[in-house]
Amino acid sequence: MKTLFVVICLEIFVFSCSPIHKCNSNNAMEQTDRIEINDNLLLTETEGAYLNKIFEPTRKKIDFTNKKVGFLTGSSGKTMSSKEHYFDMQEKHAINANSPCDNGTLYIFGAAQKAESGGYDAAIVYWSKFLLPIEKVVERLKKQH
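Notes on the structure follow. Bear in mind the structure is a predicted one, so any value in this text is a computation, not a measurement.

Thresholds, definitions, all that
Residues numbered from 1 in each chain as written. Predicted model: local features only at pLDDT ≥ 70, side-chain atom pairs only at ≥ 80, totals over all residues. Heavy atoms only, no water. Helix = DSSP H or I, 4+ residues; strand = E, 2+ residues; numbered from the N terminus. Contact = heavy atoms within 4.5 Å. Areas by Shrake-Rupley, 256 points an atom, 1.4 Å probe, with all protein chains shown as cover. Polar contact = N/O pair within 3.5 Å; in protein donor to acceptor, adjacent residues only side chain to side chain. Salt bridge = Lys/Arg side-chain N within 4 Å of Asp/Glu carboxyl O. Buried < 20%, exposed > 50% of the residue type's maximum accessible area, 1.4 Å probe, protein only.

Digging into the overall build of the protein
Then step 1. Per the secondary structure count, the protein includes seven helices and three strands.
Then step 2. Restricting to contacts in the protein with at least 6 residues of sequence separation, those with at least 24 account for 63%.
Then step 3. Taken as a whole, the protein presents about 8900 Å² of accessible surface, with 55% of it coming from carbon and sulfur.

The following block contains the structure:
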């Protein structure tokens, strides 16, 4: 019985996308669909509103609108992603719940981290096997900048 419980909990952890996956809030993604997502690192109002919704429990007081956000994938330290890739994944998942999705882990930077990273206000690391120390995230952004 104990093994069954562990397996069920693991499946919930591995296969759930995040809070956005659990609640049916496709309205935020529908708003994102109305705009053209470009590779500009500054988030638009709609992109910011969408990320504000996804990271509501963890974003503290940051409003993502007009913020410079880095998108990183994997834990190897070699992969920089783009907001286009991230929002494309979110859109595909909103259309088809079976499409893989990972909202990722949000890293909010202080003034020193922002300066060191190349001006990023925050970063989202997704499809990573490990929780990275914030210093590693800043270092990865600095290398890519």
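Digging into the side chain of D121
Then step 1. Considering the arrangement of structural elements, one finds D121 in the loop between α6 (111-117) and β3 (122-126).
Then step 2. Within the local environment of D121, its side chain forms a polar contact with the side chain of K114, the two groups lying 2.8 Å apart.
Then step 3. Once residues lying within four places of it in the same chain are set aside, the contact partners of D121 are K67, K68, I108, F109 and K114.

Considerations on the pattern of salt bridges
Then step 1. Applying the stated criterion across every chain, the model contains five salt bridges.
Then step 2. Between R59 and E56 there is a salt bridge; the shortest N-O distance is 3.0 Å.
Then step 3. Judged by relative accessible area, which is 47%, E56 ranks as partly exposed.
Then step 4. Its salt-bridge partner being D121, residue K114 comes within 2.8 Å of it at the nearest N-O pair.
Then step 5. A residue is classified by how much of its surface remains accessible, and D121, at 14% relative accessible area, is buried.

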